[in-house]
Amino acid sequence: MTEQKPGDGTPFSDWTPIADAAARATQVLHPQELSLPKPPHRRVITVANQKGGVGKTTSTVNLAAALALHGLKVLVIDLDPQGNASTALGVEHRGEVPSIYDVLLGEISVKEAAAVSDQSPNLWCVPATIDLAGAEVELVTMVARESRLKTALTEEALDELSPDYVFIDCPPSLGLLTVNALVAAEEVLIPIQCEYYALEGLGQLLNNIELVRGHLNTSLEVSTIVLTMYDGRTKLADQVTKDVRDYFGDTVLSTVIPRSVKVSEAPGYGQTVLAYDPGSRGAMSYLDAAKEIAVQGGSADEQEAGE
Ligand code: ATP
Ligand code: MG
């Protein structure tokens, strides 16, 4: 016999998913009750895919916000002249505000350009202004043009902010801005949209990553693939998911980000989906994805225990 919940006749078994969802919503709303491991070393993660509109910025800001909600310190570098990451984090990026452009020119430090996001005191963003649109061309004649971001992100420069995670949101191109991001990071996170042309152009991105690894940054690796905008109603989404998992194996997060209206509405309010609708499926999935990323990177405690 199925147990009944007192009062309303609903079998207990039917309450389980609702109770799970409620528990997870509570976690988003009361993140202090949770803890995610602090990484043994600062993790610098470049979010890249030269294909436009695949969820680079959405993944950057929501993963960053999820980690920050758990008390980890996160710095987002907006390296796209569109300034979408700055918008989603509610950080001013118009007019004369100090920005990543000034940092690449070597005129100011990352610390001077970083603004705290109104969504968490642990979340910082170096905004991109429209000036950055010229940087792709201006960088060509600069000294050490591929490593200007790396130079700006030295231990010393980051000392005061001391972020546990740095996420770099790339523009949809493989130009010098993306190369700077690949040279400055140890990890690449590639968002892949669950749709027909998803894998097209990925070979080119992987080739570029190999080239950078061979010549400019030997420690670079593709650490994470995130499947985005999954629509369970289509067979195609499952086929793409399968193809990506067959090709990339364990690098692909088991959490898949669903296509969700809330996720797409949030930036319009200058918010991440975690702030805009913490209990939504989109918020939950980014929270789960962030947990996987944090666990995949190990913890400072584990490292100390092993020493
Ligand atoms: P670009 O190449 O222009 O920088 P991008 O790769 O950064 O684009 P996003 O800006 O993150 O991609 O997403 C593209 C569009 O899809 C945006 O309008 C965003 O709100 C929407 N979007 C992203 N993820 C989801 C999702 N899970 N559900 C619904 N809409 C989404
Ligand atoms: Mg973007």
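Our structure's up above, just so we're on the same page.
Cut-off values and rules
Residues numbered from 1 in each chain as written. Chains lettered and ligands numbered in written order. Predicted model: local features only at pLDDT ≥ 70, side-chain atom pairs only at ≥ 80, totals over all residues. Heavy atoms only, no water. Helix = DSSP H or I, 4+ residues; strand = E, 2+ residues; numbered from the N terminus. Contact = heavy atoms within 4.5 Å. Near = heavy atom within 4 Å. Polar contact = N/O pair within 3.5 Å; in protein donor to acceptor, adjacent residues only side chain to side chain. Areas by Shrake-Rupley, 256 points an atom, 1.4 Å probe, with all protein chains shown as cover. Nonpolar A, V, L, I, M, F, W, Y, C, P; charged D, E, K, R; others polar. Phe/Tyr/Trp six-rings, centres within 6.5 Å; stacked < 30°, edge-to-face > 60°. Buried < 20%, exposed > 50% of the residue type's maximum accessible area, 1.4 Å probe, protein only. Core = buried A, V, L, I, M, F, W, Y, C linked by side-chain atoms within 4.5 Å. Pairing = 2+ DSSP bridges.

**Considerations on the environment of Ala66**
Position of Ala66 among the secondary structure elements: in helix α2 (residues 56-69). A C-alpha to C-alpha distance of 9.8 Å links Ala66 and Leu123, two positions 57 residues apart in sequence. With sequence-adjacent residues up to four places away left out, Ala66 is seen in contact with Leu274, Tyr286, Leu287 and Ala290.

**Observations regarding the site of ligand 1**
Lys56, Thr57, Thr58, Pro258 and Ser260 are the nearest of the 18 residues found near ligand 1. In the model, an oxygen atom of ligand 1 is placed 2.8 Å from a nitrogen or oxygen of the Lys56 side chain. A distance of 2.8 Å is found between a nitrogen atom of ligand 1 and a backbone nitrogen or oxygen belonging to Ser260. Protein chains shield 81% of the accessible area of ligand 1, which is 630 Å² for the free molecule. Broken down by secondary-structure element, the contributors of at least two residues to the shell around ligand 1 are α2 and α12 (261-265). Sort the elements by how many residues they give to the shell around ligand 1 and α2 lands first, with three residues. Looking at the shell around ligand 1, its residues break down into six nonpolar, eight polar and four charged.

**Here we look at the packing of aromatic side chains**
One pair of aromatic rings is described through two measures. These are the centre distance and the angle between the planes. In this structure the tally under the stated criterion is four aromatic pairs. Centroid distance Tyr196 to Tyr197: 5.0 Å. Interplanar angle 65 degrees. Geometry classified as edge-to-face. The exposure class assigned to Tyr197 is partly exposed, which follows from its relative accessible area of 46%.

**Quick notes on the nonpolar core**
One broad rule of soluble globular proteins: the nonpolar side chains tend to lie buried together. The biggest cluster of nonpolar side chains holds 52 residues, and the ones touching the most others in it are Ile100 and Ile168. Those residues within four positions of Ile100 in sequence are excluded, and the remaining contacts are Ile77, Asp78, Leu79, Val126, Pro127, Ala128, Leu132 and Leu149. Of all hydrophobic cores here, the second largest spans 36 residues; its members include Leu189, Leu253, Ala289 and Ala290.

**With respect to the pairing of strand β5 (residues 165-169)**
Counting buried positions along β5 yields five of five residues, so the element is predominantly enclosed. Of the two faces of β5, the one carrying Tyr165, Phe167 and Asp169 and the one carrying Val166 and Ile168 are both buried. With five bridges connecting them, strand β2 (residues 74-78) and β5 associate as parallel partners. Residue pairing for β5: Val76 is matched across the bridge by Phe167.

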